[in-house]
Amino acid sequence: MFPLSEENKHVAQLLFSSGTCPRCIFRLCGVDLHAPYRRPSKHAAWLLVKQEMGKQSLSMGRNDVVQLKEAFKWITHPLFSEELGVPIDGKSLFEVSVVFAHPETAEDCHFLGEVCPDCFKPAKNKQSVFTRMAVLKALNKIKEDNFLEQFPCPPNSPKTVCTVLGIECTHGAVFVAGRYNKYSRNLPQTPWIIDGERKMESSVEELISDHLLAVFKAESFNFSSSGREDVDVRTLGNGRPFAVELLNPHRVHFTSQEVRELQQKINKSSDKIQVRDLQLVTREAIGYMKEGEEGKTKTYSALIWTNKVIQKKDIGFLNDLKDLKIDQKTPLRVLHRRPLAVRTRAIHSMETRYLDEHHFRLYLKTQAGTYIKEFVHGDFGRTRPNIGSLMNVTADILELDVESVDVDWPPALDD
Ligand SMILES: [Zn+2]
């Protein structure tokens, strides 16, 4: 049973005589056992209250009022569970929202608007200024005497029951991660749209996420990755880690076989990208991809042109430079979206392969976040030193590939 404290018995008596419903008596007395709220017949609940008020017992439960929302859950959760044959817990990502209206009492709180106009400021996305939080704030502020003057106490017992305005079912976001290769030199990572006009047909993001969106029957998605490559840069090797957040999915359970089939479907749909290690992950796991990104290394392969004629011996010294520190002023080409700053980056090691009098291939292992193109051509002296200044030539970069992104997440899967 549910024990009421001595002081609450008096409160319960008062509420009882004012016509308060049994469930609200439980709530207002802070009864936090669920069972009494579930009494199916009103008559039985009344009896319970009556019995309890006559009994001696010890104080138990919280001293706060039980929120109506909480009591509603305690009553309805077991009913849903029984009807649907599934367990219910408050931590599920599947949420059912029910909107109730009670016109008879809807305006009861409006007098507070004159007492405390500061508490009721119009907010976007809100239909009424009388939100729960605003009403609570005003109730905290108002003086007791003032309240009693303006509102009947005890309040009148309502004559009508509330109606359901709508029911909405939503599912919390789920996350899918993997690694992608990009084999095209004219494919941006994310949709390239300037002033509402699309500049490139597709993007890595869309080639992957469109399939996920369809299979998870989700409303929308957010794509993120460990760094990004320029539109004309390929990403080879093991690929670049990425994650897709799928919002309000309508399907969330997949076997590992089904995820493998989904990966094959993505890979068959385009020769511009390939995906591996596709898997469902938790929201928390996304953090591994982002954290410590700066400390990670990346390896690149670049095709370089020089204005002066070069011999094999002119590039050999680059192989001996270890952990070369360079200062990079924010590149001109990204200055419109990144703040102006000077960042020190490390070129851990380089390897060269001579091609002809004006070309060689440069393999670099660098700190993540290094601007490679600028390290080659110097960006009008904004990156120092650079390949041009080191070799005393004018150098330019003709092709760039990411060979590996050394982030060991998500875990590699056997295929
Ligand atoms: Zn009630």
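Notes on the overall build of the protein chain
(1) Moving on: Looking only at helices and strands, the protein chain features 13 helices and 14 strands.
(2) Moving on: Taking 22 Å as the expected radius of gyration for a compact globule of 415 residues, we find that the protein chain reaches 33 Å, considerably beyond that expectation.
(3) Moving on: Taking the principal axes of the C-alpha coordinates as reference, the protein chain spans close to 105 × 50 × 45 Å.
(4) Moving on: Residues classed as buried in the protein chain amount to 23% of the 415 residues present.

Points about the pairing of strand β14 (residues 395–405)
(1) Moving on: Alignment of strand β7 (residues 233–247) against β14, held across three bridges, turns out to be parallel. Within β14, the position partnered with V233 by the bridge is L400.
(2) Moving on: As judged from the nine bridges shared by strand β9 (residues 297–306) and β14, these two strands associate in the antiparallel manner. Its bridge partner being in β14, A302 is matched across the sheet by L400.

Observations regarding the confidence of the model for the protein chain
Caution is warranted with low-pLDDT regions, since their predicted coordinates should not be read in detail.
(1) Moving on: In the predicted model, the protein chain carries a mean pLDDT of 88, and 92% of its residues have values of at least 70.
(2) Moving on: Counted against residues more than four places away or in other chains, residues 56–62, with its pLDDT under 50, gives 11 contacts.

Considerations on helix α1 (residues 6–17)
(1) Moving on: Its 12 residues give α1 an end-to-end C-alpha distance of 17 Å, which sits within 8% of 16 Å, the value for a rise of 1.5 Å per residue.
(2) Moving on: Phi turns positive, to about 90°, at G19, one or two residues after α1.

Quick word on unusual backbone geometry
(1) Moving on: Of note, the amide linkage connecting R384 to P385 takes the cis form, showing an omega dihedral of -15°.
(2) Moving on: Here the residue pair W409 and P410 is connected by a cis peptide bond, since its omega of 0° sits within 30 degrees of zero.
(3) Moving on: Here P410 lies in the segment after β14.
(4) Moving on: Positive phi, normally seen in glycine, also occurs at D379, with a value near 50°.

Some remarks on the environment of M350
(1) Moving on: By the secondary structure assignment, M350 is in strand β11 (residues 342–356).
(2) Moving on: For M350, a count of 23 C-beta atoms within 10 Å corresponds to the buried category.
(3) Moving on: M350 sits 33 residues away from F317 along the chain, and the two C-alpha atoms are 9.6 Å apart.
(4) Moving on: When neighbours within four sequence positions are excluded, M350 is seen to be in contact with L318, N319, L321, L362, Y363 and L364.

Regarding the nonpolar core
(1) Moving on: With 44 residues, the main nonpolar core has I208, V244, L246, A302, I304, I372 and V376 as its most contacted residues.
(2) Moving on: When residues of this core are assigned to domains, at least three fall in each of domain 2 (174–290) and domain 3 (294–405).
(3) Moving on: Counting residues in each nonpolar core, the second largest holds nine residues, with L15, C29, V31 and V66 among its members.

A few points about the packing of helix α9 (residues 204–215) against helix α10 (residues 256–269)
(1) Moving on: At a minimum axis distance of 10 Å, the contact between α9 and α10 shows a crossing angle of 140°. Viewed along their axes, α9 and α10 adopt a mutual orientation that is oblique. For α9 against α10, the interelement crossing comes out right-handed. Of the residues in α10, those in contact with I208, H211 and V215 of α9 are L262, K265, I266 and S269.
(2) Moving on: Residue classes in the contact of α9 with α10 are distributed as four nonpolar, two polar and one charged.

Topic: α9
(1) Moving on: In this model α9 runs 18 Å from its N-terminal to its C-terminal C-alpha over 12 residues, within 8% of the 16 Å that 1.5 Å per residue would give.
(2) Moving on: Listed in full, the buried residues belonging to α9 are V204, E205, I208, S209 and L212. Within α9, the buried residues cover an arc of 90° as seen down the axis, which keeps them to one side.
(3) Moving on: Where α9 is buried, its residues contact β3 (174–182), β6 (220–225), β7, α10 and β8 (273–281).
(4) Moving on: Downstream of α9 by one or two residues, K217 has phi in the positive range, about 45°.

Regarding the environment of C21
(1) Moving on: Tracing the sequence through the fold places C21 in the loop between α1 and α2 (22–28).
(2) Moving on: Taking the number of C-beta atoms within 10 Å as the measure of exposure, C21 has 16 and is therefore partly exposed.
(3) Moving on: Distance from C21 to P158, taken between C-alpha atoms, is 9.8 Å for residues 137 residues apart in sequence.

Looking at the environment of T163
(1) Moving on: By the element assignment, T163 lies in strand β2 (residues 163–171).
(2) Moving on: Judged by the 10 C-beta atoms lying within 10 Å of it, T163 falls in the exposed class.
(3) Moving on: Not counting the four nearest positions on each side in its chain, T163 is found in contact with F100 and A101.

Definitions and limits used
- Residues numbered from 1 in each chain as written.
- Predicted model: local features only at pLDDT ≥ 70, side-chain atom pairs only at ≥ 80, totals over all residues.
- Helix = DSSP H or I, 4+ residues; strand = E, 2+ residues; numbered from the N terminus.
- Rg over C-alpha atoms; globule rule 2.2 N^0.38 Å.
- Buried ≥ 20, exposed ≤ 12 C-beta atoms within 10 Å, placed from the backbone.
- Pairing = 2+ DSSP bridges.
- pLDDT = per-residue confidence, 0-100.
- Contact = placed C-beta atoms within 7 Å.
- Expected span 1.5 Å × (residues − 1).
- Core = buried A, V, L, I, M, F, W, Y, C linked by C-beta atoms within 7 Å.
- Domains from an automatic or database assignment.
- Axes fitted to C-alpha atoms, helices over the stretch in contact; angles between N-to-C directions.
- Parallel < 35°, antiparallel > 145°, perpendicular 65-115°, else oblique.
- Left-handed = near helix turned anticlockwise from the far one by under 90°.
- Nonpolar A, V, L, I, M, F, W, Y, C, P; charged D, E, K, R; others polar.
- Arc of directions from axis to C-beta.

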